[in-house]
Amino acid sequence: MSVRVVAIDGAAGSGKSTLARGLARALGLPYLNTGIMYRALTLEAIRREVELDDGETLAALMGTLRFSLGHGDPPELEVEGSPPGAELEGPEVESHVSQVAAHPQVRALMRDAQRALGRSGGVIEGRDTGSVVFPEAPVKLYLVADPGVRAHRRARERAAPAHHVGEALETRDERDATVNPFEPPEGAVVIDTSALDVSSTLAAALDAVRRLAPRVFS
């Protein structure tokens, strides 16, 4: 029987998190934002003054963090038993998370932790979810959007000037691409969200689920 996972990939600001949460609620599955796990490790490393180029020490630090799923609707990731805080979205974490995520030792441990969290099924978003973490997922979605649209969306989320956010996203894209090229995983359905609102994006995703794996998610 296929694992009950919808894997969602795409660039920052393309609408992954909003879609993943809504799709998880619609399908009655947990929602896992794998990026939060990398952000949590980055924040802990900064707090402990760990050298961010030291992959071995970062991997050891990863082993001390406790990730779990809560009991909300949908169940979402918790860090040390609590929902993720706003500090994970801060500029210092934002500017260093790609550096932390680049270490193979860290990514291997994250992959194992993410597979454990999603072993009973879930809507799971992250840059390599469909290609590395759950390559056998019956539904893979890859979101794209115009850079300007992405910047405006992220600016609304962060209450920041769009041009500043756009520059930050461009830098983030360049860093992320060194770890994971911006390419849809094999078999992914590509959804361009540039002209879609939240409900239209969810409708397109649900249509993909019904077409690709109606029995798995019935």
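Anyway, here's the lowdown on the structure attached to this text. (Residues numbered from 1 in each chain as written. Predicted model: local features only at pLDDT ≥ 70, side-chain atom pairs only at ≥ 80, totals over all residues. Heavy atoms only, no water.)

## Describing the overall build of the chain
- Scanning the chain from terminus to terminus reveals nine helices and seven strands.
- Relative to a compact globule of 218 residues, whose C-alpha radius of gyration would be 17 Å, the chain shows 17 Å and is just as compact.
- Taking the principal axes of the C-alpha coordinates as reference, the chain spans close to 50 × 40 × 30 Å.
- Of all 218 residues assigned to the chain, the portion counted as buried reaches 49%.
- The long-range share in the chain, meaning contacts at least 24 apart out of those at least 6 apart in sequence, stands at 74%.
- Separation between the mean location of the 24 positive side-chain charges and that of the 31 negative ones in the chain comes to 7 Å. (Helix = DSSP H or I, 4+ residues; strand = E, 2+ residues; numbered from the N terminus. Rg over C-alpha atoms; globule rule 2.2 N^0.38 Å. Buried < 20%, exposed > 50% of the residue type's maximum accessible area, 1.4 Å probe, protein only. Contact = heavy atoms within 4.5 Å. Lys, Arg positive; Asp, Glu negative; His and termini not counted. Charge placed at Lys NZ, Arg CZ, Asp CG, Glu CD.)

## Digging into the nonpolar core
- M37, L41, L58, F67, L77, M110 and F134 are the most contacted members of the largest nonpolar core, which totals 32 residues.
- Of all the secondary-structure elements, those providing two or more residues to this core are β1 (5-10), α2 (34-47), α3 (55-62), β4 (77-79), α4 (91-101) and α5 (104-117).
- It is α2 that contributes the most residues to this core, seven residues altogether.
- Apart from the residues within four sequence positions on either side, L41 is in contact with L58, L61, M62, L65, V100, V106 and M110.
- Membership of the second largest hydrophobic core comes to 22 residues, among which are L19, Y31, L206 and F217. (Core = buried A, V, L, I, M, F, W, Y, C linked by side-chain atoms within 4.5 Å.)

## Description of the environment of A116
- With respect to the helices, strands and loops of the structure, A116 is situated in helix α5.
- A C-alpha to C-alpha distance of 9.7 Å links A116 and S68, two positions 48 residues apart in sequence.

## Details of the sheet that holds β1
- Spatially, β2-β5-β1-β6-β7 is the arrangement adopted by the five strands of the open sheet, whose pairing is parallel. Across the chains shown, the open sheet's two edge strands, defined by having one partner strand only, are β2 (31-33) and β7 (189-192). Going across the sheet, the axis of each strand differs from the next one's by a mean of 20°, ignoring polarity.
- Across the sheet, helix α9 (residues 198-212) is in contact with β1, β6 (139-144) and β7; its angle to β7 comes to roughly 165°. (Pairing = 2+ DSSP bridges. Axes fitted to C-alpha atoms, helices over the stretch in contact; angles between N-to-C directions.)

## Looking at the packing of α2 against α4
- Following both chains from N to C, one finds α2 and α4 inclined at 105°, their axes separated by 9 Å at the closest point. The orientation of α2 with respect to α4, classified from their angle, is roughly perpendicular. Here Y38, R39, L41, T42, L43 and I46 of α2 come into contact with α4, specifically with E92, V93, E94, H96, V97, V100 and A101.
- For the contact of α2 with α4, the residue count by class is eight nonpolar, two polar and three charged. (Parallel < 35°, antiparallel > 145°, perpendicular 65-115°, else oblique. Nonpolar A, V, L, I, M, F, W, Y, C, P; charged D, E, K, R; others polar.)

## Describing the pairing of β7
- Burial along β7 is one-sided: V189 and I191 are buried, while V190 and D192, pointing the other way, are not.
- The pairing of β6 with β7 spans four bridges and is classified as parallel. Bridging across to β7, Y142 finds its partner in V190.

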